[in-house]
Amino acid sequence: MKKLLLFSIVTLVGLTFIGRMIYLQVVISEELKLEAENNSVKTVYDYPERGFIYDRNGELMVANQVAYDVMVIPKETGDFDLNKLAGLLKMDESRLEKKLKTARIWSTKQASVIIPQLTQEEYAPLQEQLRKFPGFYIQRRSLRKYQVDHSASVLGYIREVNQGKINEDDYYVQGDLAGKSGIELQYEKELRGEKGYKKYTRDHYGRAIESYKNGSSDLAPIAGTDLTVTLDKELQEYAEKLMINKRGGIVAIEPKTGEILSLITAPNYDPSLLMGRDRSKNINAILRDTVRLPDVNRVLQGQYAPGSPFKVINALIGLQEGVTTPQERFRCNHGYDYGGRKKMACHSHASPLAMSKGIAESCNAYFAQVYRRIIEKGETSSQGMDTWHDHVTSFGLGNYLGYDLPVGQPGRIPDGEYYTSRYKYKWYAPTTISNAIGQGEVAVTPIQLANMTAAIANRGYFYTPHIIKKMNGEPIDNPKYTTKNFTTIDAKHFEPVIEGMNEVYNSGTAKYVKIPEIEICGKTGTVENFAKVNGVRKQQTDHSVFIAFAPKDDPKIAIAVFIENGYWGSRYAAKIASLLIEKHIKGEITRTDLEDYLMSHSLEYEYAKKLGKEPYNINVAVDQGLITDEKERKLHQLVDSLNLKILK
Amino acid sequence: MGIGDRPKYDIAAILIYTALVFIGLFSIYSAAPVLEYTSITDINQVYGKQFLFIGVCALLIIIILAIEVKFYEQFAGLIYVVSMLSLAGLYIFGKEVNGAVSWYPIGSFTFQPSEFAKFATALAVAKFLSQLNVSLKNVRDFMIVAGIIALPALLIVPQPDPGSALIYTAFFFALHREGLSLWYLSLGIIALALFLAALVINIWWIILIIVVVVAIIYLLSRKRKHNKRLPKPRIYLYVIATFICIAYTLSTSYIFNNILEDRHRNRIDIVLGRVQDDAGIGYNINQSMIAIGNGGWAGKPLEEATQTRGGYVPEQHTDFVFSAIGEVSGLLGTSITILLFMFLIYRIIIMAERQRNQFARIYGYGVAGIFFLHFFVNVGMVIGLLPTVGIPLPFMSYGGSGLMGFTILLFIFIKLDAHRMSYDH
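Computed from a predicted model, the values in this text were never measured in an experiment.

Looking at the overall build of chain B
Counting secondary structure elements, chain B contains 17 helices and three strands. Compactness check: chain B gives a C-alpha radius of gyration of 23 Å against a globular reference of 22 Å for 425 residues, within 12% of the reference. Summarising its shape, the C-alpha atoms of chain B cover approximately 70 × 65 × 45 Å along the three principal directions. Burial statistics for chain B: of 425 residues in total, 53% are counted as buried.

Here it is, written out as structure tokens:
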């Protein structure tokens, strides 16, 4: 026994060890091999350059520039002076500590971004100093370089992907940039290209030793696609200028193609604000501005009552349904009595009026009566309402248009069912009479309004509005954007309505904003609106709205302008529309008086009203927005003041 | 030396030794922290140094085998005293490396006396026990032997190098061969089992288990009353045993939780699976297992042995050299290495058993025990079965003192064995 003890123990231990080796090297070997690869194979991503964005004339709008990220590999930092590093990085000590903790949680062995997107100037002084902190280094990366200081909301921006995005699309890894809004988001896949990678084996310090498997598993990057968009950079810039100190939006569409020539939401900001090291601060300033809402794209997401421009649709439906003729005259007794003591008011003008003058004078009584006939043509009000609804929605109203930008709202065009479920009692045409003049239950987005105008300009059809024109110089070939969408109105019915819209410029509500040598057709709108002020619903100064297209016989541009609280249509919206039409068609401005007015007037006083505690008047006859101070006026005329106004 | 007697050196043991040394050299070569390999004799690299140490060992072997065989027995006492002095001297002249004062600086090299204390102690134990009037059954003699073994361990523990001190428990096998009851080993195992159980299970359960087990043993032993060779079971002895067990469990658990340092506690916790910590203290073991697993069946060519090349396993050319073998030569290499160690120890036991001389036999068992314990603790640690204890793998881990110490340990025995026919008192 005593001779065998050590002998048997050695045997037992030896066999146990061999068993363990079989377990490690055969049974679970594959798992351990995977861990070994995680350990030792370093994947270095090779990012292709993001595609450029050009305007319709080939003018560069968005390019790229080199930026620098401060990176950390937590495992390699060792002990360091947090205070000193925070000073060097110009960062709060507690914020830096938080960042480092997040990085450690993500991975101790892999690099995390501590400060993203330093510019060349910010980077230079860091470069030398940072070497004293092992584990920290600077990584080059490609960032956007904006050639324009406007159009931020339509161009969109790129931002580091968050965990949600990584989980949802395994293309992305921590630290990748991706489009977050606008064109950058819509065409992210095209713009970004496909990143490639190179694999290296690395040692336990993370240093690359040699290429993994002789580079056989490496992947070459695919370059990003250059986009040509339908925007006209010059028109866009001019429009942004005109919109300074106003809130609202502009959409201009080329009716023959559905291409979006200009898309403005105001207030807007310089896209470069969302880059560099103040980028987080600026993004927060924009997102948190719940008063001016620079983050909301008003032309895509804002749902407004369309007001008088909607009357032309009712005229068209009236003709199509045969309930009136272009020649029929309707009486207006400073309004229209539609039952009992109820009356829809109207302003002073000659009476009775036929269609052309009715549109030109924007007579409420005229359209109330036409609308009533349309609804009452149905066997029930509900059926009449459904017919009306189908006509209206054929103009692209009441639903998402299907344009290629990532945000939108459907708006609202009520049908019979809408009122039946809303009212317990039986309802009749007068119940919904506000729809006749584009108030009431009707709601549209400005881009729908512009598209509706394009459909009128085309005499009965529209192309789905879109922003993409070419990819890598090749014109796009998407049937969605090259197929005509026909309205339910026959082409012949458009002429008398278009005559009326032309009359708006010749003798009607827009006669003071005529552009020499261009036959413009338009329609003003003055939209009642309400806001909650200190918890109480209160009527505000009317929105100024205008739609137009030109030239009358060969339309090159259809436009919708929406100015919040600009009062009547021709005070602000029509002026802007006229100038943009002139700019687009002539390439120069002759109505400098209109330009001067817009450049010298601010609506900020109007917007300030509801924020103050003082009681205030609305719809004041004289525009109080004139900027008298010479210095402020100069500042006001600079596009740069966009930034100052928004991010003070 | 008897007339006409030629020494018969044990070829098997020498071959196994040579194989292990060169597998070790190759593993150190693959585990070297270099970006570009140079010649294996490049003295600036660890493998070049190990190559040099092997050369020194060859010289040492010649000297050991050339010395008159009786020298080792006659000078055992002196060698032991010198060795103990060298250990004690560390506290005055020692150099601190990695937090332990275990080395003397000699030029650009360092010398680790604890590696030499093993053969010195083995010689001393063999010398003392082989005296005619000495018996382990005599309490005084037992205490002296225990003292000879404990002295170097006690000198080494505070360096601190608890791993090297642990090796001295290997002498149990030599003592057992000379008649020490297995009870001592059983006591040790019970002590260890209670200690580990206290960490994993609630202490009240353990107390309950102790009481139940002791009660069962008592009841069983009462049935054997007719067996007159055994002492009569006395109830109070069982009660005392029970209390000792409980007191021991409580006190070790207290020591573990309140007196041991975190780093020691963590090592044990990780092996017991009480904590999972692959980034911290568990990093070594985890990385070591990854490297071994990455080797698979047949191992990987050097350029694909990413873990070893990348230096992921700390101490991969010293204590963790077995992991480099695992990755570079796979299951094939690791099994061969394990088998070589088994055969070496078997061979030494066989050689010890054929000694006519008690001194040589005790020394042989000492050698076998020491190799076994190193093999067991080191490989067990590298493959994740035992806590991290920093001791080298004999003949394979990088280090001159270690390689020389083990070489001397083995070749003194080969020398004694070669003269077994003529060598007696």
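A look at the overall build of chain A
Within chain A, the secondary structure is distributed over 25 helices and 21 strands. Expressed along its principal axes, the backbone C-alpha trace of chain A runs to roughly 125 × 60 × 50 Å. When the 648 residues of chain A are sorted by exposure, 54% land in the buried category. Long-range pairs, those at least 24 residues apart, make up 72% of the contacts in chain A with a sequence separation of at least 6. With an accessible surface of roughly 28600 Å², chain A has 49% of that area assigned to carbon and sulfur atoms.

Re the pattern of salt bridges
Residues and elements named next belong to chain B. Per the counting criterion, the structure on display carries 35 salt bridges over all chains. A salt bridge links arginine 361 to glutamate 178; its shortest N-O distance comes to 2.9 Å. With arginine 361 in helix α16 (residues 358-382) and glutamate 178 in the loop between α8 (171-177) and α9 (182-200), this pair connects stretches of sequence that are 183 residues apart. The residues arginine 361 and glutamate 178 share a single accessibility class, namely buried. Three or more residues are tied together by salt bridges with common partners; here these are Asp10, Arg347, Arg354, Asp417 and Arg420.

Quick word on the confidence of the model for chain A
Do not read the predicted coordinates in detail wherever pLDDT is low. With 96% of its residues at a pLDDT of 70 or more, chain A has an overall mean of 88. For the stretch residues 638-648 of chain A, pLDDT sits under 50, and the model shows 27 contacts to residues farther than four places along the chain or on other chains.

With respect to helix α15 (residues 321-353) of chain B
Residue and element names in this part refer to chain B. Helix length check: α15, at 33 residues, gives a terminal C-alpha distance of 32 Å against a target of 48 Å (1.5 Å per residue), a shortfall beyond 12%. The largest bend along α15 reaches roughly 130 degrees and is located at serine 329. For α15, a buried count of 25 out of 33 residues is recorded, marking the element as mostly surrounded by other parts of the structure.

Looking at the domain arrangement of chain A
Residues and elements named next belong to chain A. Assigned domains within chain A: domain 1 (66-77 + 86-146) and domain 2 (233-646). Taking only C-alpha atoms, the centre of domain 1 and the centre of domain 2 are 48 Å apart. Contact residues are listed per partner, giving 11 residues for domain 1 and seven residues for domain 2. Together, the buried faces of domain 1 and domain 2 total about 760 Å²; carbon and sulfur atoms form 56% of this surface. Of all residues in domain 1, the largest losses of buried area upon contact with domain 2 belong to Gln117, Glu122 and Tyr146, amounting jointly to 54% of the total for that side. Scanning the region where domain 1 abuts domain 2 turns up zero salt bridges.

A word on the pairing of strand β11 (residues 248-254) of chain A
Residues and elements named next belong to chain A. Within β11, seven of the seven residues are buried, which leaves it mostly tucked inside the rest of the structure. Side-chain alternation along β11 places Gly248, Ile250, Ala252 and Glu254 on one buried face and Gly249, Val251 and Ile253 on a second face that is also buried. Two strands pair when backbone bridges link them, and β11 and strand β21 (residues 557-563) are joined in this way by six bridges, in the antiparallel orientation. Paired with alanine 252 across the two strands is isoleucine 559, which belongs to β21. By the bridge criterion, seven bridges tie β11 to strand β12 (residues 259-266) in an arrangement that is antiparallel. Each bridged residue has a counterpart across the sheet, and for glycine 248 the counterpart in β12 is alanine 266. Connecting β11 to the next strand, β12, in antiparallel fashion are four residues, including glycine 258 with a positive phi near 80 degrees.

Section: the pairing of strand β20 (residues 536-550) of chain A
All names here are of chain A. Of all 15 residues that make up β20, 11 are buried, and the element is covered over most of its length. Relative to β20, strand β19 (residues 521-533) is paired through 12 bridges, and the arrangement is antiparallel. Each bridged residue has a counterpart across the sheet, and for asparagine 529 the counterpart in β20 is glutamine 540. Where β20 hands over to β21, the hairpin turn is made up of six residues, counted between the paired strands.

Side note on the domain arrangement of chain B
Under the domain assignment, chain B is made up of domain 1 (11-180 + 273-418) and domain 2 (185-260). Computed from C-alpha atoms alone, the centre-to-centre distance between domain 1 of chain B and domain 2 of chain B is 34 Å.

Comments concerning the environment of Glu499(A)
All names here are of chain A. Here glutamate 499 lies in helix α20 (residues 494-506). C-alpha separation for the pair glutamate 499 and serine 356, spaced 143 residues apart in sequence, amounts to 6.2 Å. With residues near it in sequence (within four places) discarded, glutamate 499 still touches Ser356 and Lys552.

Details of unusual backbone geometry
Residue and element names in this part refer to chain A. Note the cis peptide between alanine 266 and proline 267, where omega equals 5 degrees. Tracing the backbone shows proline 267 in the loop between β12 and α11 (279-288). Cis peptide bonds are those with omega within 30 degrees of zero, and the linkage from serine 351 to proline 352 qualifies with -5 degrees. Within the fold, proline 352 resides in the loop between β14 (342-345) and α14 (355-361). Phi is positive for asparagine 245, which is not a glycine, with a value near 65 degrees. With respect to the secondary-structure elements, asparagine 245 resides in the loop between α10 (233-242) and β11.

As for a negative patch on the surface
Among the surface-exposed residues, Asp81(A), Asp92(A), Glu93(A) and Glu97(A) lie close enough to one another that they form a single negatively charged patch. Looking at where Asp92(A) falls in the secondary structure, it is placed in the loop between α3 (82-88) and α4 (93-106).

A word on helix α1 (residues 5-27) of chain A
If you check α1(A), its first and last C-alpha atoms are 31 Å apart, about what 23 residues at 1.5 Å a residue would give, namely 33 Å. Structurally, α1(A) contributes buried residues whose contacts are with α2 (29-40) of chain A together with α8, α9, α13 (283-295), α15 and α16 of chain B.

Some words on the nonpolar core
Formed by 139 residues in total, the largest nonpolar core has its most connected members in Ile183(A), Trp388(A), Phe395(A) and Ile456(A). For this core, the domains that each give at least three residues are domain 1 (66-77 + 86-146) and domain 2 (233-646) of chain A. Leave out the neighbours within four places in its chain, and Phe395(A) touches Ile313(A), Leu316(A), Asn451(A), Met452(A), Ala455(A), Ile456(A), Phe462(A), Thr487(A), Ile489(A) and Phe494(A). Counting residues in each nonpolar core, the second largest holds 127 residues, with Ile16(B), Leu123(B), Leu302(B) and Ile391(B) among its members.

Some points on the sheet that holds strand β2 (residues 100-106) of chain B
Residues and elements named next belong to chain B. Read from one edge to the other, the open sheet built from three strands follows the order β1-β2-β3, with strand pairing classed as antiparallel. Where the open sheet ends on each side, the last strands, each with one partner, are β1 (95-97) and β3 (109-111). Going from strand to strand, the sheet's axes swing by 60 degrees on average, the running direction of each strand aside. Helix α4 (residues 76-93) rests against β1 and β2 of the sheet, and its axis sits at about 95 degrees to β2.

Here's the deal with the packing of aromatic side chains
In total, this model carries 47 aromatic pairs over all chains according to the counting rule given. Judged by centre distance (6.1 Å) and plane angle (70 degrees), the rings of Phe395(B) and Phe406(B) are edge-to-face. Here the residue Phe395(B) occupies a position in the loop between α16 and α17 (400-418), and Phe406(B) occupies one in helix α17, the gap between them amounting to 11 residues. Like Phe406(B), Phe395(B) is buried. Through pairs of rings, three or more aromatic residues link up here, namely Phe17(A), Phe172(B), Phe173(B), Phe341(B), Phe372(B), Phe375(B) and Phe376(B). It is Lys195(A) that lies over the ring of Tyr171(A); its NZ or CZ is 4.3 Å from the centre.

Remarks on the sheet that holds β12(A)
Through backbone hydrogen bonds, the strands of a sheet pair up, either in parallel or in antiparallel fashion. Residue and element names in this part refer to chain A. Pairing in this open sheet of five strands is antiparallel, and the strands run β12-β11-β21-β20-β19 from one edge to the other. A single partner strand is all that each edge strand has here, and the edge strands are β12 and β19. Along the sheet, successive strands turn relative to each other by an average axial angle of 10 degrees, direction set aside. Set on the sheet, helix α18 (residues 446-457) makes contact with β11, β12, β20 and β21; between it and β21 the angle comes to about 150 degrees.

Describing the packing of α9(B) against helix α10 (residues 203-222) of chain B
Residue and element names in this part refer to chain B. Relative orientation of the contacting elements α9 and α10 amounts to 145 degrees, with a least axis distance of 8 Å. Only Ile203, Ile206 and Ile210 of α10 make contact with α9, whose side of the interface consists of Leu194, Ala197 and Ala198. Per-class residue counts for the contact of α9 with α10 are six nonpolar, no polar and no charged.

A closer look at the interface of chain B and chain A
Each partner contributes to the interface: chain B provides 49 residues, whereas chain A provides 35 residues. Counting each side, the surface lost to burial between chain B and chain A is near 3700 Å², with a carbon and sulfur contribution of 73%. For chain B, the biggest contributors to the area lost against chain A are Ile290(B), Tyr312(B) and Tyr346(B); these three give 14% of the whole. Viewed at the interface, chain A and chain B are joined by zero salt bridges. Scanning the region where chain B abuts chain A turns up 10 residue pairs in polar contact (both at pLDDT 80 or more). Looking at the side of chain B that touches chain A, the elements that each hand over two or more residues are α8, α9, α13, α14 (306-309), α15 and α16 of chain B. Here the side of chain B that touches chain A takes 12 residues from α15(B), the largest share from any one element. Looking at the side of chain B that touches chain A residue by residue, the classes come out as 27 nonpolar, 17 polar and five charged.

What counts, and at which threshold
As a convention, each chain's residues are numbered from 1 in the sequence order in which they are written. Key to labels: chains lettered from A, ligands numbered from 1, both in the order written. Whole-chain, interface and lining totals are the exception, using all residues; otherwise, since this is a predicted model, local features are given only for residues with pLDDT of at least 70 and side-chain atom pairs are given and counted only at 80 or more. Hydrogens and water molecules were not included; the side-chain quantities draw on all heavy atoms of the structure. The helix and strand labels rest on DSSP assignments: H or I over at least four residues marks a helix, E over at least two residues marks a strand, and numbering proceeds from the N terminus. We compute the radius of gyration over the C-alpha atoms and compare it with the globule rule, which gives 2.2 Å times the number of residues raised to the power 0.38. Only protein chains enter the accessibility calculation, which uses a 1.4 Å probe. A residue is then buried if its area is under 20% of the maximum for its type, exposed if over 50%, and partly exposed in between. Residues count as neighbours in contact if any of their non-hydrogen atoms are within 4.5 Å of one another. Note on areas: Shrake-Rupley, 1.4 Å probe, and residue coverage restricted to the protein chains presented here. The salt bridge criterion pairs a side-chain nitrogen of Lys or Arg with a carboxyl oxygen of Asp or Glu, the two atoms within 4 Å. For every residue, the pLDDT score states the predictor's confidence, bounded by 0 at the bottom and 100 at the top. Each helix should span, by expectation, one fewer than its residue count multiplied by 1.5 Å. Given a residue, its bend is the angle between the two axes fitted to the seven residues that end at it and to the seven that start from it. Domain start and stop points were drawn from an automatic or database domain assignment. A quick way to say it: buried area is the sum, across both parts, of accessible area lost when two parts are put together, with a 1.4 Å probe. One requirement defines pairing of two strands: DSSP has to find at least two bridges between them. For patches, a residue must show more than 30% relative accessible area and have no salt bridge; joins then use 9 Å for like charges and 5 Å for nonpolar side chains, namely Val, Leu, Ile, Met, Phe, Trp and Tyr. When charges are counted, Lys and Arg are positive and Asp and Glu negative, with His and the chain ends excluded. We put the charge of a Lys on NZ, of an Arg on CZ, of an Asp on CG and of a Glu on CD. By convention a nonpolar core is built from buried Ala, Val, Leu, Ile, Met, Phe, Trp, Tyr and Cys residues, the set being connected through side-chain atoms within 4.5 Å. Lines fitted to C-alpha atoms define the axes here, with helix axes fitted over just the stretch in contact, and angles between the N-to-C directions of these axes take values from 0 to 180 degrees. Only rings of Phe, Tyr and Trp enter the pairing, Trp through its six-membered ring, and a pair is recorded when the two centres are within 6.5 Å. The plane angle decides the type: under 30 degrees is stacked, over 60 is edge-to-face, the rest tilted. Think of it as a cone above the ring: NZ of Lys or CZ of Arg counts as a charge over the ring if it is within 6 Å of the ring centre and within 35 degrees of the ring normal. Classification used: nonpolar for Ala, Val, Leu, Ile, Met, Phe, Trp, Tyr, Cys and Pro, charged for Asp, Glu, Lys and Arg, polar for all others including Gly. Polar contact is defined as a pair of N or O atoms within 3.5 Å, subject to the rule that within protein one atom must be able to donate a hydrogen and the other to accept it, and that residues adjacent in sequence are counted only when both atoms are side-chain atoms.

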